[in-house]
Amino acid sequence: MKRVFQHPPEPVNGKHYWRGLGELSDTPEFRQWLEREFPQGAAELNGDEWSRRDFLKLMGASMTLAGIGLTSCRRPEMHLVPFTKSVEWTIPGKFLYYATAMPRRTGAIPLIATTVDGRPIKLEGNPLFTRGKRVIVPTLTPMLERSAKPLLISTETVLRSWLAKRIRLRANDCAPNWKKLFRVCAGAFTNRS
Amino acid sequence: MDCRYCHSFVEMAAQSNVPNTQTCMNCHTQVQKDNPKLEPVRASWKTGDPIDWVWIHRTVDYVYYNHAAHVNRGISCFSCHGPVNHMPVVYQAKPHSMGWCLECHRHPENFLRPEDQVFNLDWKPDDVKPAEFVAKYGKPQGVTEDWSKRKTLSQSEIGQTLKERWNITPPQNCQGCHR
């Protein structure tokens, strides 16, 4: 469908500006093309009681009316799912630190566990504990992050079993000198009482 | 009922928490305990499955919004959530578009209120007693008129006072929120 352009009037000084090569050559084919609303071959429905223009108008209107009742355009409903019972002492999105310990055969490693919304995200040695060697267990954190299971059971229980497993893994990584490295990674404080 | 009974961490955390079933059941074991509308709450308490609260005010992921930062600096819940205390069913009252955020970030004086009225959703600027207000917060710079003799103060007068008093300069750069 062509648009009818409102061109500015011809300038008074008698100069004629052409707007395209077609207008310059001014052939009968170009004149016919200029006057036809739709290109040749397009159905114009001229003989019927419906013209092409009327048909499109009606179809457009019916689509609009159908659109008012369209429900698929709504924003999908989403949910917020809080805990049923709150996790003790947590503030949403803030860290909560626990002092805990990993029991060893000879004693325990003092640790600080960082939790967010009840989930442990980081384990490190307790820097306030000065009697034994300071402990750093850096490799445990990615282990916790990778866990698919929600860690809502007691933090300590989970950590205990994982820590044991993880340290064994870490020790294997450090082969062949693993025994020496292991002692640097995690020195234990032995309770001799 | 104060907003903070259920949304208890709004003053401390970035998110305003949705209450857990435990919080609902603090009262609803005794109040309205047979109301059929509260059946989902009772079911949740019984089974331990959480309640699916419909998420009305959704902030897109690429926007950082901190509730505590706003609420602690005199922006009321009302400014963003509208008259929630008069809504039979909660709806989104304000557009929550970026232009709308900037309206306040550019002119916070139109929205600031005394910090003890932040959770009062029915607060009007006319509620402020000028003499008490001026004694507590002072006046903006360059105002010679004695406001304490006035009957009422307008929102922009209250806001301007608080803005200068608390030195409020909301970020207007992109990375203030899109970080």
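All figures in this text were calculated on a predicted structure; none of them were measured in a lab.

Turning our attention to the interface of chain A and chain B. Across the boundary between the two partners, chain A contributes 17 residues, which contact 23 residues of chain B. Across the interface of chain A and chain B, roughly 1800 Å² is buried in total on both sides, 60% from carbon and sulfur atoms. The largest share of the area that chain A buries against chain B comes from A:Leu80, A:Thr84 and A:Pro92, three residues that together contribute 34% of it. Counting across the chain A and chain B interface gives zero salt bridges. Our enumeration of links across chain A and chain B arrives at nine residue pairs in polar contact (both at pLDDT 80 or more). Partitioned by chemical class, the residues of the side of chain A that touches chain B number eight nonpolar, five polar and four charged. In this structure, strand β1 (residues 79-80) of chain A lies alongside strand β1 (residues 53-54) of chain B, joined through two bridges in antiparallel fashion.

The subject of this paragraph is helix α8 (residues 155-165) of chain B. All names here are of chain B. For α8, the complete set of buried residues consists of Gln155, Glu157, Ile158, Gly159, Thr161 and Leu162. In the core, the buried residues of α8 are packed alongside α7 (130-137). Note on α8: the residue one or two positions beyond its end, asparagine 167, has a positive phi of about 55°.

Let us look at the environment of B:Ser8. On the secondary structure map, B:Ser8 appears in the loop between α1 (3-6) and α2 (21-28). C-alpha of B:Ser8 to C-alpha of B:Thr23: the two residues are 15 residues apart in sequence and 9.7 Å apart in space.

Residue and element names in this part refer to chain B. Between α7 and α8, whose axes approach to 11 Å, the crossing angle comes to 15°. Classified by the angle their axes make, α7 and α8 are roughly parallel. As for the relative orientation of α7 and α8, their crossing is left-handed in sense. Every residue of α8 that contacts α7 at Phe133, Lys136 and Tyr137 is listed here: Ile158, Thr161, Leu162 and Arg165.

A cluster of nonpolar side chains, contributed by A:Trp18, A:Leu21 and A:Leu24, occupies part of the molecular surface with about 350 Å² of accessible area. Within the fold, A:Leu24 resides in helix α1 (residues 21-25).

This next bit is on the packing of aromatic side chains. According to the stated counting rule, one finds four aromatic pairs over all chains in the structure shown. Judged by centre distance (6.3 Å) and plane angle (70°), the ring pair of A:Phe95 and A:Tyr97 falls under edge-to-face. Given a relative accessible area of 48%, A:Phe95 falls into the partly exposed group. Classification of A:Tyr97 as exposed rests on a relative accessible area of 51%. Aromatic rings pair up to connect B:Phe133, B:Tyr137 and B:Trp166 into one cluster.

Residue and element names in this part refer to chain A. Here strand β3 (residues 107-116) runs beside strand β4 (residues 119-125); their pairing, made up of six bridges, is antiparallel. Each residue of the ladder has a partner; that of threonine 114, found in β4, is lysine 122. Here β3 folds back onto β4, and the loop between the two strands holds two residues, one of which, aspartate 117, carries a positive phi near 50°.

With that settled, the discussion passes to the packing of α2(B) against helix α3 (residues 39-47) of chain B. All names here are of chain B. Taken N-terminus to C-terminus, the directions of α2 and α3 make an angle of 115°; their axes are 10 Å apart at the nearest point. Of the possible angle classes, the one that applies to α2 and α3 is roughly perpendicular. Crossing handedness for the pair α2 and α3: left-handed. For the pair α2 and α3, the contacting residues are Thr21, Gln22, Cys24 and Met25 in the first and Val41, Arg42, Ser44 and Trp45 in the second. Its residues placed into classes, the contact of α2 with α3 shows four nonpolar, three polar and one charged.

Definitions and cut-offs
- Counting restarts for each chain: residues are numbered from 1 in the order of the written sequence.
- Labels are handed out in written order, letters beginning with A for the chains and numbers beginning with 1 for the ligands.
- pLDDT decides what is reported in this predicted model: residues at 70 or higher carry local features, side-chain atom pairs at 80 or more are listed and counted, and totals for whole chains, interfaces and linings draw on all residues regardless.
- Neither water nor hydrogens contribute to the side-chain values; these are computed over all heavy atoms in the structure.
- Residue contacts are defined here by distance: any two heavy atoms, one from each residue, within 4.5 Å place the two residues in contact.
- Here's the idea: put two parts together, see how much 1.4 Å probe accessible area each one loses, and the total over both is what we call buried area.
- We define a salt bridge as a side-chain nitrogen of Lys or Arg found within 4 Å of a carboxyl oxygen belonging to Asp or Glu.
- We define a polar contact as two N or O atoms separated by no more than 3.5 Å, with the added condition that, inside protein, one atom must be a possible hydrogen donor and the other a possible acceptor, whereas residues neighbouring each other in sequence contribute only through side-chain atom pairs.
- Classification convention: Asp, Glu, Lys, Arg as charged; Ala, Val, Leu, Ile, Met, Phe, Trp, Tyr, Cys, Pro as nonpolar; all other residues, Gly among them, as polar.
- Strand pairing is defined by DSSP finding a minimum of two bridges between the two strands.
- In this description a helix means any DSSP run of H or I spanning at least four residues, a strand means any run of E spanning at least two, and both kinds are numbered starting from the N terminus.
- Note on classification: 1.4 Å probe, protein chains only; a residue is buried when its accessible area is under 20% of the maximum for its type, exposed when over 50%, partly exposed between these limits.
- For every element, the axis is a line fit to its C-alpha atoms; helices are fit only across the contacting stretch, and the angle between N-to-C directions ranges from 0 to 180 degrees.
- In what follows, roughly perpendicular refers to angles from 65 to 115 degrees, roughly parallel to angles under 35, roughly antiparallel to angles over 145, and oblique to any angle outside these ranges.
- If you view the pair so one helix is near and one far, a crossing is left-handed when the near helix is turned anticlockwise from the far one by less than a right angle, and right-handed when it is turned clockwise.
- Like-charged residues within 9 Å of one another, or nonpolar side chains (Val, Leu, Ile, Met, Phe, Trp, Tyr) within 5 Å, are grouped into patches, provided each residue has over 30% relative accessible area and no salt bridge.
- The protein chains shown are the only cover counted for residues, whose accessible areas, like all others here, come from Shrake-Rupley with a 1.4 Å probe.
- Centres within 6.5 Å are what make two rings of Phe, Tyr or Trp a pair, Trp counting through its six-membered ring; a difference in plane orientation under 30 degrees is then read as stacked, over 60 as edge-to-face, and the rest as tilted.

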